[in-house]
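Spelled out, the chains give:
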2 protein chains.
Amino acid sequence: MKTLRKKTSLVAILACVLAFIVTGALAADPLPAWNDGKARQSIVEFVQRVTTPGGKDFVPVPERIATFDNDGCLWAEQPMYFQALFVFDRIKTLSGQHPEWKTQEPFASVLKGDMKGALAGGEHALLEMVMATHAGMTTEAFEQIVSDWIATARHPVTKQPYTEMVYQPMLELLDYLRANDFKTFIVSGGGIEFMRPWAEKVYGIPPEQVIGSSIKTRFELFDGKPVLVRLPEINFIDDKAGKPVGIQQHIGRRPIFAAGNSDGDLQMLQWTTTGSGARFALLVHHTDAKREWAYDRTSHIGKLDKALDEAQAKSWTVVDMQQDWKRVFAFGN
Amino acid sequence: MKTLRKKTSLVAILACVLAFIVTGALAADPLPAWNDGKARQSIVEFVQRVTTPGGKDFVPVPERIATFDNDGCLWAEQPMYFQALFVFDRIKTLSGQHPEWKTQEPFASVLKGDMKGALAGGEHALLEMVMATHAGMTTEAFEQIVSDWIATARHPVTKQPYTEMVYQPMLELLDYLRANDFKTFIVSGGGIEFMRPWAEKVYGIPPEQVIGSSIKTRFELFDGKPVLVRLPEINFIDDKAGKPVGIQQHIGRRPIFAAGNSDGDLQMLQWTTTGSGARFALLVHHTDAKREWAYDRTSHIGKLDKALDEAQAKSWTVVDMQQDWKRVFAFGN
């Protein structure tokens, strides 16, 4: 009888330890870089609603799709989209093979360090620079180029690696959603193959869950070895009205949660919030000139105007970066 | 002491029961519809190689990507691609709204039940029929049309629902791969939005893991409500050299396992098998005129000629349906 009692109490102790661990895990704050305000509360409240079994807003796991813009939403986009900085770096690197670039715009301006001049030619000049740096190699060669660049390049202002210029609160939000069985996707105007090489390591988002703009590729046998060659021809622009199109193409069902930060995300948020059942839309509002940058309605990059009006009219969650975030960047700022 | 001994033996008994259950689970045949031949052995051997931790061919879970053709590989494709039969059914259904079809080819032939006549106009006629039945509605309306059709339509020969015309051994193979942490994808020349409404229920493959041919869509606000309208314009043909392109677009990494059944799958199998590390390619060879259909090098549908030669030259696994499959269809034939 005595032994049995000993055994019983051992089991009881183990049960207590287990209960403590489980309770501890549940109680641990999943969003420590977020201040306790309306934005954070609206997120937690939504996630609880859609994950409570038997609740009226319960959403089955396969339908828990969350989509995130990248530039200005998961990582910074100032003083210029990071992919544009990649383009400029590549032009400098490749200039040895292109002596004609010394006198040919927009390349000449880039080589002189005059970024404003480089962009003066508008969309046509930009496209020319993108094609000169993104096309004409195999998919595998391009992946290597991006991987090498992202491993060594530094942000012009903070001198941090670009992969440290990601928002700590958004990393926590991605983790929090995945811990609640959401499948997280990137839906960005940026290049799909520019993001894939590092998105899994940095965001925990695998290549098959990255959606972005793309150029065409062609399958070829090169010395009997199959390759995919990147062609200087636009395939798809995943921006504005293109975002719901890209979502349907890649995911095939409507997200129940979407996050963005600019007018380029408006249609994604409209598409997300007008499905049936519980829906959530979030806008990151860049209000923190001290820790990050402050810009919205008149900015050339990440313009947030119409989407801000619609967010206010429709009570979407607007994150005030200065108020709502305890910490901004992954590197600790 | 006596109590302790009793407890000990109870634990021992429980351990034995547990061991029995675990061993039983491991021993249970994951591929019961497959005969024990070279094809089955090559599959099991490959899966064991890539999933054995520490083994020289071990593949980390995120890279365990498996792609499957659909028509003739996961479900049957005779006497005609099932999507073509869907097109003919839709033309009949819609003919009331199109009195002009009574005299206008290829529609007139379809309405007379003359399928050969309907297809006599070649690719142009086919495209016209596809657009008349697949475009001009929202993505949600089309999903409903496909769901309704697949729930009620019957195969012209077996009189079974099309979702029963799937190959039992291939369903087992999908399950077996997923039990070994593979992510399974469809990569089909068929319409992506024709497969998505039923692929999850029938194959366990969610919409975001279905890759196929597509038409363009446009985002619109219709009475203030966002919709995606399906346009009568080809977006992407996911066949032959298009398959590796589609794989890169949607998955962004090369599969390590691919299965097909026709020359339309050749480039997918080439792309899959020429990556580094262990790779697996499978061809379903339709050799069973009694339980299914027998066709290969000269067939108009599912022509298997060049890919069969390459499979033999490169020792890919060729499944002889008659020899290798104990059972063919999900409905039990």
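What this report covers is the structure whose coordinates are included nearby. Everything numeric here is computed off the predicted structure, so don't read it as measured data.

A separate point is the interface of chain B and chain A. Taken together, the contact pairs 39 residues of chain B with 39 residues of chain A. Counting every contact that joins chain B to chain A gives eight salt bridges. Notably, a salt bridge pairs Arg253 of chain A with Glu208 of chain B, separated by 3.3 Å at the nearest N-O pair. There are 18 residue pairs in polar contact (both at pLDDT 80 or more) connecting chain B and chain A. Listing elements by their share of the side of chain B that touches chain A, those giving two or more residues are α1 (2-27), α7 (139-152), β2 (183-191), α9 (192-203), β3 (210-222), β4 (225-236), α10 (242-250) and α11 (266-273) of chain B. The leading source of residues in the side of chain B that touches chain A is α10 of chain B, at five residues. Here the residues of the side of chain B that touches chain A are counted per class, giving 18 nonpolar, 12 polar and nine charged.

Attention now goes to empty space enclosed by the protein. Over the atoms rolls a probe the size of a water molecule, and its path tells where empty space is left. All names here are of chain A. Enumeration according to the criterion identifies three cavities of 30 Å³ or more in this entry. Of the pockets and cavities examined, the largest cavity occupies roughly 50 Å³. Within the residue set of the lining of the largest cavity, elements represented by two or more residues are β3 (210-222), β4 (225-236) and α10 (242-250). The class makeup of the residues in the lining of the largest cavity is two nonpolar, six polar and no charged. In this structure, the second largest cavity spans a volume of roughly 40 Å³. As for the second largest cavity, its lining consists of Asn70, Asp71, Trp75, Phe82, Gln83, Ser188, Gly190, Gly191, Phe194 and Met195. At the level of elements, α3 (82-94), β2 (183-191) and α9 (192-203) are the ones that each hand at least two residues to the lining of the second largest cavity.

Another aspect to go through is the layout of surface pockets. Size it by volume and the second largest pocket reaches roughly 1400 Å³. In this structure, the second largest pocket is lined by 47 residues; those nearest its centre are Tyr81, Leu126, Gly189, Gly190 and Asp239 of chain A. Elements with a minimum of two residues in the lining of the second largest pocket: α3, α6 (122-134), β2, α9, β3 and β4 of chain A together with α10 of chain B. Here the lining of the second largest pocket takes six residues from α6 of chain A, the largest share from any one element. Counted by class, the lining of the second largest pocket contains 17 nonpolar, 16 polar and 14 charged residues.

Time to look at the sheet that holds β4 of chain B. All names here are of chain B. Pairing within the open sheet is mixed, and its seven strands lie in the order β4-β3-β2-β1-β5-β6-β7. Taken across any chain shown, the strands that pair with only one partner, and hence form the sheet edges, are β4 and β7 (317-320). Across this sheet, the average inter-strand angle for adjacent strands is 30°, counted without regard to direction. Contacts from α11 reach β1 (65-68), β2, β5 (257-260) and β6 (280-285) within the one sheet, and its direction differs from that of β5 by about 165°.

A few words now on the relation of the copies chain B and chain A. When chain B is fitted onto chain A, the two copies agree to an RMSD of 0.0 Å after a turn of 180° and an axial shift of 0.0 Å. Taken together, the rotation and translation relating the two chain copies correspond to the operation of a two-fold axis. Rotation axis and chain B: the residue whose C-alpha lies nearest the axis is His250 of chain B, separated from it by 3.2 Å.

Enumeration over the complete set of coordinates arrives at 36 salt bridges over all chains. Its salt-bridge partner being Glu200 of chain B, residue Arg253 of chain A comes within 3.2 Å of it at the nearest N-O pair. Of this pair, Arg253 of chain A sits in the loop between α10 and β5 (257-260) while Glu200 of chain B sits in helix α9, which puts the two residues in different chains. Judged by relative accessible area, Glu200 of chain B falls into the partly exposed class, the value being 30%. The salt bridge involving Asp305 of chain A is made with Arg297 of chain A; its shortest N-O contact spans 2.7 Å. For Asp305 of chain A, a relative accessible area of 23% translates into the label partly exposed.

Residues and elements named next belong to chain B. Structurally, the position occupied by Arg64 is in the loop between α2 (38-51) and β1. Of the buried charged residues, Arg64 lacks a salt bridge, with Asp181 as the closest side chain of opposite charge at 4.1 Å. In this structure the side chain of Arg64 is engaged in a polar contact, spanning 2.8 Å, whose partner is the backbone oxygen of Val59. Discounting residues that sit within four places of it in the chain, Arg64 has contacts with Val50, Thr51, Phe58, Val59, Asn180, Asp181, Phe182, Lys183 and Ile256.

Residues and elements named next belong to chain A. Most of α10 sits inside the fold, with nine of its nine residues counted as buried. Inspection of α10 places Gly242, Lys243, Pro244, Val245, Gly246, Ile247, Gln248, Gln249 and His250 among the buried residues, and these make up the whole buried set. One or two positions beyond α10, positive phi appears at Gly252, with a value near 75°.

With that settled, the discussion passes to the nonpolar core. By size, the foremost hydrophobic cluster in this structure holds 72 residues, and its most contacted members are Trp34, Phe68, Met170, Leu173, Tyr203, Phe257 and Leu282 of chain A. Contacts of Leu282 of chain A, omitting those with residues within four sequence positions, involve Trp34, Ile43, Met170, Leu173, Ala258, Ala259, Gly260, Leu269, Thr317 and Val319 of chain A. Core analysis: the second largest hydrophobic core is formed by 70 residues, Met129, Met165, Leu171 and Ile256 of chain B among them.

Moving on: helix α8 (residues 168-179) of chain B. All names here are of chain B. A rise of 1.5 Å per residue sets the reference length of α8, with its 12 residues, at 16 Å; its end C-alpha atoms lie 16 Å apart and thus fit the reference within 8%. Within α8, nine of the 12 residues are buried, which leaves the element mostly enclosed by the surrounding structure. Listed in full, the buried residues belonging to α8 are Gln168, Pro169, Met170, Leu171, Glu172, Leu173, Leu174, Tyr176 and Leu177. Where α8 is buried, its residues contact α2, β1, β2, α9, β5 and β6. Once α8 finishes, Asp181 follows within two positions and takes phi at roughly 65°, a positive value.

A few words now on the environment of Pro197 of chain A. Residue and element names in this part refer to chain A. Tracing the backbone through its elements, the reader meets Pro197 in helix α9. For Pro197, a relative accessible area of 25% corresponds to the partly exposed category. Along the chain, Pro197 and Lys216 lie 19 residues apart, while their C-alpha atoms are 18 Å from each other. Other than its neighbours up to four places away in sequence, Pro197 contacts Glu143, Val146 and Ser147.

Looking now at the packing of aromatic side chains. Each aromatic ring pair is characterised by the separation of its centres together with the angle its planes make. Scanning all chains against the criterion turns up 40 aromatic pairs over all chains. Ring geometry for Trp101 of chain B against Phe107 of chain B: centres 4.3 Å apart, planes inclined by 5°, an arrangement best described as stacked. Note on Phe194 of chain B and Trp198 of chain B: the rings are 6.5 Å apart at their centroids and 80° apart in plane angle, and the pair reads as edge-to-face. Of this pair, Phe194 of chain B and Trp198 of chain B both sit in helix α9, four residues apart, which is roughly one turn of that helix. With a relative accessible area of 3%, Phe194 of chain B lands in the buried category. Given a relative accessible area of 3%, Trp198 of chain B falls into the buried group. Chaining the aromatic ring pairs together yields one cluster made of Trp75, Phe82, Phe86, Phe142, Trp149, Tyr162, Phe194, Trp198 and Tyr203 of chain A. The lysine or arginine in question, Arg230 of chain B, covers the ring of Phe142 of chain B, its NZ or CZ lying 4.0 Å from the ring centre.

Cut-offs applied
- Residues numbered from 1 in each chain as written.
- Chains lettered and ligands numbered in written order.
- Predicted model: local features only at pLDDT ≥ 70, side-chain atom pairs only at ≥ 80, totals over all residues.
- Heavy atoms only, no water.
- Contact = heavy atoms within 4.5 Å.
- Salt bridge = Lys/Arg side-chain N within 4 Å of Asp/Glu carboxyl O.
- Polar contact = N/O pair within 3.5 Å; in protein donor to acceptor, adjacent residues only side chain to side chain.
- Helix = DSSP H or I, 4+ residues; strand = E, 2+ residues; numbered from the N terminus.
- Nonpolar A, V, L, I, M, F, W, Y, C, P; charged D, E, K, R; others polar.
- 1 Å grid on protein atoms, 1.4 Å probe; cavity = no way out; pocket = protein on both sides within 12 Å on 5 of 7 lines; lining within 4 Å.
- Points joined across faces, edges and corners; volume = space filled by probe spheres on them.
- Pairing = 2+ DSSP bridges.
- Axes fitted to C-alpha atoms, helices over the stretch in contact; angles between N-to-C directions.
- Least-squares fit on C-alpha atoms with pLDDT ≥ 70 in both.
- Buried < 20%, exposed > 50% of the residue type's maximum accessible area, 1.4 Å probe, protein only.
- Lys, Arg positive; Asp, Glu negative; His and termini not counted.
- Core = buried A, V, L, I, M, F, W, Y, C linked by side-chain atoms within 4.5 Å.
- Expected span 1.5 Å × (residues − 1).
- Phe/Tyr/Trp six-rings, centres within 6.5 Å; stacked < 30°, edge-to-face > 60°.
- Lys NZ or Arg CZ within 6 Å of the ring centre and 35° of its normal.

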